[in-house]
Amino acid sequence: FFHPHPANPDAQESRGLGDVYKRQDKTFKKKTDKGEFYFFKKPSESIETKSVLQKNLPRILDNISWKKSMRWADYGLYWGRPLKSILCCFDNKTLEFVYHHLVSSNITFIDKDFEQKTKKFVRFKDYLTFFKSQNIILDNKKREQFIVDQLNKVAKKENLKINFNSNLLNEVTNIVEKPNIIKCKFNKRFLEIPDDILVTTMQVHQKYFPTFDSRDNLTNNFFLVADSKDSKGLIKIGNENVVEARLNDAKFFWDKNKTQNLVKGISNLKKLNYFEGLGSYFEKIQRLRKLGALISDELLISKEKVEIASSICKVDLTSDLVNEFPELQGVMGGHFAKSQGFDNDICLALSEHYLPTGPETITPKEHLFSYIDSETGANVNGLLTIADIVNDILLINPKYNKSLNEANNEEVKAVLSVVLGNEDFKEVGRNISVHSKLSKRNINGKEVDWWTSPAITIAVLANNESLGGGSQRVALSGDQATIDKERFNTNVLNLLKSELTNINVWGVAIDVN
């Protein structure tokens with residue numbers, strides 16, 4: 001519809017209504033709550049669905065995004081895997097269109113290993129029926145659920161448990177079409193190796209599902225999801241031989257690396273380049289050690305532990321095991337430290353200093369320290385992961401060219417907002433506070449995503465010994481205020497040792513004098 005007296009007649013012309021005034025037989029007046037308007041009756045047009053599909057399907061296919069894509073032969077098409085044919089039917093007839101080097105047809109391959117086996121289809125119902133008869137599960141969700149159900153069924157029968165890894169399950173679901181569960185095992189002597197090495201070998205490198213007993217101890221049994229039946233047991237034998245070889249290598253590297261002194265290995269980091277403009281990993285840990293010392297003073301925690309953990313946290317990068325299993329960097333440092341007799345707090349800090357790597361890795365645990373800085377919004381967890389990143393950005397960016405200790409409040413907030421706005425760190429920002437949000441703000445002439453939260457819950461422990469006072473016990477003598485203070489501190493300690501995962505403390509101040 002349009003206004004009877006338009007302020008801009010050219011606008012009506014651009015909408016194809018310029019000749020409406022000349023065609024009074026197809027217009028009529030009508031009053032609306034916004035005034036009186038002329039309405040124009042435009043006859044409906046017949047559009048052939050087939051033509052619309054033929055025109056738009058190539059564009060729709062081009063708009064499909066892949067996490068990783070590839071080219072093959074001399075074709076210009078990028079796709080998740082080499083595209084061999086396109087089956088396209090509409091209204092029980094072939095719908096033909098051209099997509100790069102391919103022309104759609106009513107023929108598809110029915111065996112992924114033998115391209116000469118093809119079949120014609122014109123109805124989707126026939127397509128589904130045929131592949132169902134071949135035990136092929138076309139629907140991705142149904143195939144995933146089938147795998148989960150079958151794994152749980154077989155595991156329960158064997159009194160085993162499976163801790164499903166979502167990434168592994170998704171990958172396995174996408175590489176099989178007619179899943180078949182096969183139970184395998186490896187030599188029990190490999191259970192002497194840390195579980196992280198065994199699980200990574202099975203999950204990441206071999207796409208196996210590790211199993212656990214009723215006490216959550218890793219067992220020497222594992223399941224694989226094959227793409228066919230194993231009537232002769234050859235698939236089982238083959239996979240057991242492969243994992244035996246992998247675990248032999250892992251055990252050799254573990255026995256070798258666990259005895260190599262971590263402190264002496266610090267100098268090897270001089271040969272390992274960190275980032276252009278930021279020097280080697282040796283220089284990185286020197287910065288990390290200084291940052292840790294500064295923050296340990298503020299939090300009244302063991303500076304010695306923080307400096308030791310900061311100094312050796314990257315040494316495992318020079319080990320054979322991390323070279324073989326890059327996914328275990330940090331984690332292996334914790335295992336090496338434990339085998340060499342380091343304090344448990346230091347071992348834990350090394351194991352977790354890359355966390356969080358995703359929402360599933362954000363769990364409440366004790367660390368050398370763990371808190372959220374109210375000024376910057378940074379989640380300081382274990383070994384200053386975010387603080388270290390902010391420090392590196394401040395150093396390498398010519399706009400700042402200074403360390404975290406030298407930067408002012410606005411500069412730190414600006415860099416932190418860039419970090420929390422980064423795709424890789426979004427889960428970190430979300431998990432610091434469920435009410436957090438990003439808003440646009442101009443800092444130093446640049447628009448940044450400014451991280452804010454209306455409230456943050458922080459567990460605060462008042463420990464008189466850490467503050468230079470006496471031990472945590474109620475005195476036999478003294479004024480009531482002192483006794484009540486000691487009793488309160490003991491209650492706080494007991495709460496934090498309990499199974500509670502969240503404790504809210506609002507408006508509580510503790511006199512530390």
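For every chain, the first residue of the written sequence is number 1, and numbering continues from 1 along that sequence. Per-residue local features of the predicted model are confined to residues with pLDDT of at least 70, and side-chain atom pairs are confined, for both listing and counting, to 80 or more; whole-chain, interface and lining totals are unaffected and use all residues. Computation of side-chain values: all heavy atoms of the structure, hydrogens and water removed.

**Brief notes about the overall build of the chain**
- Helix and strand counts for the chain come out as 16 helices and 17 strands.
- Burial status follows relative accessibility: with a 1.4 Å probe on protein chains alone, a residue under 20% of its type maximum counts as buried, one over 50% as exposed, and anything between as partly exposed. Per-residue burial for the chain yields a buried fraction of 35% across its 513 residues.
- The contacts in the chain between residues at least 6 apart in sequence include a share of 53% that link residues at least 24 apart.
- Roughly 31900 Å² of accessible area belongs to the chain as shown, and the carbon and sulfur atoms make up 49% of that amount. Comment: elements are numbered from the N terminus, with helices defined as DSSP H or I runs of at least four residues and strands as E runs of at least two. We call two residues in contact when some of their heavy atoms are within 4.5 Å. Surface accessibility in these figures is a Shrake-Rupley result with a 1.4 Å probe; residues are shielded only by whichever protein chains are displayed.

**Notes on the pairing of strand 10 (residues 209-212)**
- Alternating positions in strand 10 separate into two faces, Phe209 and Thr211 on one and Pro210 and Phe212 on the other, with burial throughout.
- Two strands make a pair as long as DSSP finds a minimum of two bridges between them. One ladder, built from three bridges, connects strand 10 with strand 11 (residues 218-226); its direction is antiparallel. Directly across from Pro210, in strand 11, lies its bridge partner Phe222.
- Where strand 10 folds back on strand 11, the antiparallel hairpin that results is connected by five residues, among which Asp216 adopts a positive phi of roughly 65 degrees.

**Details of the nonpolar core**
- To qualify as a nonpolar core, a set must consist of buried Ala, Val, Leu, Ile, Met, Phe, Trp, Tyr and Cys residues joined through side-chain atoms within 4.5 Å. Ranked by internal contacts, the top residues of the largest apolar core, which has 43 residues, are Phe186, Ile197, Leu198, Met202, Ile312, Leu321 and Met332.
- With five residues, helix 7 (residues 234-257) is the single largest residue contributor to this core.
- Not counting residues up to four positions away in its chain, the partners in contact with Met332 are Ile197, Trp254, Asp316, Leu321 and Val322.
- Membership of the second largest hydrophobic core comes to 14 residues, among which are Ala155, Leu169, Phe223 and Val225.

**Structural notes on a nonpolar patch on the surface**
- Taken together, Phe124, Leu128 and Leu138 make up a surface patch of nonpolar side chains, about 290 Å² in accessible area.
- Within the secondary structure, Phe124 sits in helix 3 (residues 124-133). Any residue with relative accessible area above 30% and no salt bridge may belong to a patch, with like charges joined within 9 Å and the nonpolar Val, Leu, Ile, Met, Phe, Trp and Tyr side chains within 5 Å. The working definition used for a salt bridge is a side-chain nitrogen of Lys or Arg within 4 Å of a carboxyl oxygen of Asp or Glu.

**Here we look at helix 12 (residues 344-352)**
- For helix 12, the set of buried residues is Ile346, Cys347, Ala349, Leu350 and Glu352.
- Where helix 12 is buried, its residues touch helix 9 (303-312) and helix 11 (331-339).
- Pairs of N or O atoms within 3.5 Å make up the polar contacts considered here, provided that, within protein, one atom can donate a hydrogen while the other can accept it, and that residues adjacent in sequence are counted only when both atoms are side-chain atoms. For helix 12, the capping residue at the N-terminal end is Asp343, with a side-chain oxygen 2.8 Å from the backbone nitrogen of Asp345.

**Here we look at the environment of Gln134**
- Here Gln134 shows up in the loop between helix 3 and helix 4 (140-157).
- Classification of Gln134 by relative accessible area gives partly exposed; the value is 38%.
- Separated by 24 residues in sequence, Gln134 and Ile110 place their C-alpha atoms 9.4 Å apart.

**Here we look at the state of the cysteines**
- Disulfide assignment relies on a single distance test, namely cysteine sulfur atoms paired within 2.5 Å. As enumerated under the stated definition, the model contains zero disulfides in all.
- We note that Cys89 lacks a disulfide partner, and the nearest cysteine sulfur, in Cys88, lies 6.7 Å from it.

**Focus on unusual backbone geometry**
- Its identity as a non-glycine residue notwithstanding, Asn92 has a phi of 65 degrees, on the positive side.
- Following the sequence through the fold, Asn92 ends up in the loop between strand 3 (89-90) and strand 4 (93-94).
- Non-glycine residue Asn159 carries a positive phi angle of around 60 degrees.
- Within the secondary structure, Asn159 is located in the loop between helix 4 and helix 5 (166-175).

**Let's talk about helix 6 (residues 195-205)**
- Looking at helix 6, one finds that the buried residues are Ile197, Leu198, Val199, Thr200, Thr201, Met202 and Gln203.
- At its buried positions, helix 6 is contacted by helix 5, strand 10, strand 11, helix 7, helix 10 (320-324) and helix 11.
- Where helix 6 terminates, the next one or two residues include Lys207, which has phi positive at roughly 65 degrees.

**Regarding the packing of helix 4 against helix 5**
- It is the contact of helix 4 with helix 5, at a shortest axis distance of 9 Å, that shows an interaxial angle of 115 degrees. In this view, helix 4 runs roughly perpendicular relative to helix 5, as classed from their interaxial angle. The interaxial crossing formed by helix 4 with helix 5 has right-handed handedness. Within the contact between the two elements, helix 4 uses Asn140, Arg143, Glu144, Ile147 and Val148 and helix 5 uses Leu169, Val172, Thr173 and Asn174.
- Only Asp, Glu, Lys and Arg are considered charged, only Ala, Val, Leu, Ile, Met, Phe, Trp, Tyr, Cys and Pro nonpolar, and every remaining residue, Gly among them, polar. When its residues are assigned to classes, the contact of helix 4 with helix 5 shows four nonpolar, three polar and two charged. Fitting a line to C-alpha atoms yields each axis, with helices limited to the stretch in contact; the angle taken between N-to-C directions then spans 0 to 180 degrees. Any angle that is under 35 degrees is reported as roughly parallel, and any over 145 degrees as roughly antiparallel; angles of 65 to 115 degrees are reported as roughly perpendicular and all others as oblique. Crossing handedness: left-handed means the near helix sits turned counterclockwise from the far one by under a right angle, and right-handed means the same turn made clockwise.

**Comments concerning the packing of aromatic side chains**
- Think of it this way: a Phe, Tyr or Trp ring, Trp meaning its six-membered ring, pairs with another when their centres are within 6.5 Å, and the plane angle makes it stacked under 30 degrees, edge-to-face over 60, tilted otherwise. Scanning the entire structure with this criterion turns up 17 aromatic pairs.
- For the pair Phe28 and Phe39, a centre-to-centre distance of 5.6 Å together with 15 degrees between the ring planes defines the contact as stacked. Of this pair, Phe28 sits in strand 1 (residues 27-32) while Phe39 sits in strand 2 (residues 35-40), and the two are eleven residues apart along the sequence.
- When its relative accessible area of 18% is taken as the criterion, Phe39 is described as buried.
- Between the aromatic rings of Tyr274 and Tyr281, the centroid separation amounts to 5.1 Å while the plane-to-plane angle is 65 degrees, which identifies the pairing as edge-to-face.
- Through a chain of ring-to-ring contacts, three or more aromatic side chains come together here, namely Phe121, Phe124, Tyr127, Phe130 and Phe131.
- Over the ring of Phe121 we find Lys119; its NZ or CZ atom is 5.8 Å from the centre of that ring. Whether a charge sits over a ring depends on NZ of Lys or CZ of Arg being within 6 Å of the ring centre and within 35 degrees of the ring normal.

**Digging into the sheet that holds strand 11**
- Taking strand neighbours across the sheet as the criterion, the three strands line up as 9-11-10 in an open arrangement whose pairing is antiparallel. Strands at the two margins of the open sheet, each flanked by one partner only, are strand 9 (180-185) and strand 10. Between one strand axis and the next, the sheet turns through 35 degrees on average, direction left out of account.
- When strand 9 meets strand 11, the two strands line up antiparallel, connected through six bridges. The residue of strand 11 that forms the bridge with Ile181 is Val225.

**Looking at the packing of helix 9 against helix 12**
- The N-to-C vectors of helix 9 and helix 12 enclose an angle of 40 degrees; their axes lie 9 Å apart at closest approach. Compared by their axis directions, helix 9 and helix 12 come out oblique. For the pair helix 9 and helix 12, the sense of crossing is right-handed. Residue-level contacts link Lys305, Ile308, Ala309 and Ile312 of helix 9 to Asp345, Ile346, Ala349 and Leu350 of helix 12.

**Re the pattern of salt bridges**
- The final tally for this structure, using the stated rule, is 13 salt bridges.
- With a closest N to O distance of 2.6 Å, Asp216 and Lys161 form a salt bridge. With Asp216 in the loop between strand 10 and strand 11 and Lys161 in the loop between helix 4 and helix 5, this residue pair connects regions lying 55 residues apart in the sequence.
- The salt bridge involving Asp255 is made with Lys258; its shortest N-O contact spans 3.9 Å.
- Because the salt bridges share partners, they merge into one network encompassing Lys251, Asp255 and Lys258.

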